[in-house]
Amino acid sequence: MSTDPSGHGHWPDAYGRIMLDNVDSTMAEAARRAGDIDRPTWIIAQTQTAARGRRGRVWQAPAGNLNATLIFKPDATPAEAARRSFLAANALFAALSIYVPAEKLSLKWPNDVLLSGGKVAGILLESSGQGGNVDWLSIGVGVNLRHAPQDVADAAFAPVSLTQMGGWEVEPVDFLTTLADAYATQEARLAQMGFARIRQDWLAHAARLGEVITARTMREEIIGTFDTIDDDGNLVLTTGAGPRVISAADVYF
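Residues numbered from 1 in each chain as written. Predicted model: local features only at pLDDT ≥ 70, side-chain atom pairs only at ≥ 80, totals over all residues. Heavy atoms only, no water.

1. With respect to the overall build of the protein chain
When helices and strands are counted, the protein chain shows five helices and 12 strands. Against the globule reference of 18 Å for 253 residues, the protein chain gives a C-alpha radius of gyration of 17 Å, in line with a compact fold. For the C-alpha atoms alone, the extent of the protein chain along its principal axes is close to 50 × 45 × 35 Å. The buried share of the protein chain, taken over its 253 residues, is 51%. Counted over contacts in the protein chain with a minimum sequence separation of 6, partners at least 24 positions apart contribute 65%. When the accessible area of the protein chain is evaluated, it comes to approximately 11,500 Å², of which 47% is carbon and sulfur surface. (Helix = DSSP H or I, 4+ residues; strand = E, 2+ residues; numbered from the N terminus. Rg over C-alpha atoms; globule rule 2.2 N^0.38 Å. Buried < 20%, exposed > 50% of the residue type's maximum accessible area, 1.4 Å probe, protein only. Contact = heavy atoms within 4.5 Å. Areas by Shrake-Rupley, 256 points an atom, 1.4 Å probe, with all protein chains shown as cover.)

2. Section: the packing of helix H3 (residues 84-96) against helix H4 (residues 172-193)
Across the interface, H3 lies against H4 with an axial gap of 8 Å and an inter-helix angle of 135°. Here H4 runs oblique to H3, going by the angle between their axes. In this structure, the crossing between H3 and H4 has a hand that is right-handed. On H4, the residues touching Arg84, Leu87, Ala88, Asn90, Ala91, Leu92, Ala94, Ala95 and Leu96 of H3 are Phe175, Thr178, Leu179, Ala182, Tyr183, Gln186, Glu187 and Leu190. (Axes fitted to C-alpha atoms, helices over the stretch in contact; angles between N-to-C directions. Parallel < 35°, antiparallel > 145°, perpendicular 65-115°, else oblique. Left-handed = near helix turned anticlockwise from the far one by under 90°.)

3. Looking at the environment of Tyr183
Note on placement: Tyr183 falls in helix H4. As for Tyr183 and Gly122, which are separated by 61 residues in sequence, their C-alpha atoms are 15 Å apart. In this structure Tyr183 touches Tyr15, Trp42, Leu70, Phe72, Arg84, Leu87, Ala88, Ala91 and Ile139, once residues within four positions along its chain are discounted.

4. Regarding unusual backbone geometry
Of all residues except glycine, most have a negative phi; of all peptide bonds, most are trans. Put simply, Trp109 and Pro110 share a cis peptide bond, and its omega is 5°. By secondary structure assignment, the location of Pro110 is in the loop between strand S4 (105-108) and strand S5 (112-115). The phi dihedral of Arg208 is positive, around 65°, even though this residue is not glycine. A residue is classified by how much of its surface remains accessible, and Arg208, at 34% relative accessible area, is partly exposed.

5. Thoughts on the layout of surface pockets
Size it by volume and the second largest pocket reaches roughly 530 Å³. Taken together, 23 residues make up the lining of the second largest pocket; nearest its centre are Ala82, Ser85, Pro110, Leu125 and Ser247. Only helix H2 (78-82), H3 and strand S6 (118-128) provide two or more residues apiece to the lining of the second largest pocket. Element by element, the count of residues in the lining of the second largest pocket is highest for S6, at five residues. (1 Å grid on protein atoms, 1.4 Å probe; cavity = no way out; pocket = protein on both sides within 12 Å on 5 of 7 lines; lining within 4 Å. Points joined across faces, edges and corners; volume = space filled by probe spheres on them.)

6. So, the sheet that holds strand S12 (residues 250-252)
If you trace the five strands from one edge of the open sheet to the other, you get S11-S10-S9-S8-S12, paired in antiparallel fashion. Every interior strand has two partners, whereas the edge strands, strand S11 (242-246) and S12, have only one. Strand-to-strand twist in this sheet, taken as the mean axis angle between neighbours without regard to direction, amounts to 45°. Pairing between strand S9 (residues 221-229) and strand S10 (residues 235-239): four bridges, direction antiparallel. Paired with Phe226 across the strands is Leu237, a residue of S10. (Pairing = 2+ DSSP bridges.)

7. Digging into the environment of Ala148
Position of Ala148 relative to the elements: it lies in the loop between strand S7 (136-143) and H4. Overall, the relative accessible area of 15% leaves Ala148 in the buried class.

8. Looking at the packing of H3 against helix H5 (residues 195-204)
Between H3 and H5, the least distance of the axes is 10 Å, while the angle of their chain directions is 45°. Our classification of the angle between H3 and H5 gives oblique. Between H3 and H5 lies a crossing whose hand is left-handed. On the side of H3, the interface is formed by Phe86, Leu87, Ala89 and Asn90, while H5 contributes Phe195, Ile198, Asp201 and Trp202.

9. Points about the nonpolar core
When a protein is soluble and globular, its nonpolar side chains tend to lie buried together. Judged by nonpolar contacts, the single largest core of 61 residues is most densely connected at Trp42, Leu66, Phe175, Leu179, Tyr183 and Trp202. With nine residues, the single largest contributor to this core is H3. Counting nine residues, the second largest nonpolar core, distinct from the first, contains Leu20, Ala30, Ile37 and Ile43. (Core = buried A, V, L, I, M, F, W, Y, C linked by side-chain atoms within 4.5 Å.)

The following block contains the structure:
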């Protein structure tokens, strides 16, 4: 297998980095450090013992894969902070496209990246705050660089790894440099052009846009044509009963 074609890349000047050998989860570590950070900071661990995904699902995080969380204090309401999942998805798409052909990648609402139809990366957001704005926001990112988890229960999309699907081998710390640079670009784009540009870029790579998909919420299953995402990042399906706007669901093809 070929080695990383991009070298170490450029670490964005405004971002910090904390490197750990082992941790329960980088999300938990970010919450513990939230009161002390003075700038956006990426936390990366070689291994995690209690990694988790959306809705408390277990996320396997063996050595050789990327296990990282960005913790920062955006000037944002909870709704604005939640939109950062789309910035993270766009950044992941840009970073992964350096190591595998972009046409093999797609973005699955709300926060997964697919590689040749399998799940290669996931995003998890957590925030804290009592007032109008969040006190802090953490964006957890897991990327299957070398290993695809086995025996994952209830997996809507089979896990795959970058190298398994023919991508370049890359060390997690080097991939994080690529990702951190891409994410900083997304934040600059948000500041300059607003969420409309982030939404446009996300839709350009959206999986199954214009096709019939299934969205399963905690209470119902909705089948419809994937029309768009709205200005708040909600999924919009066209159904026989008219448009449906969905804020949280698991999507199946």
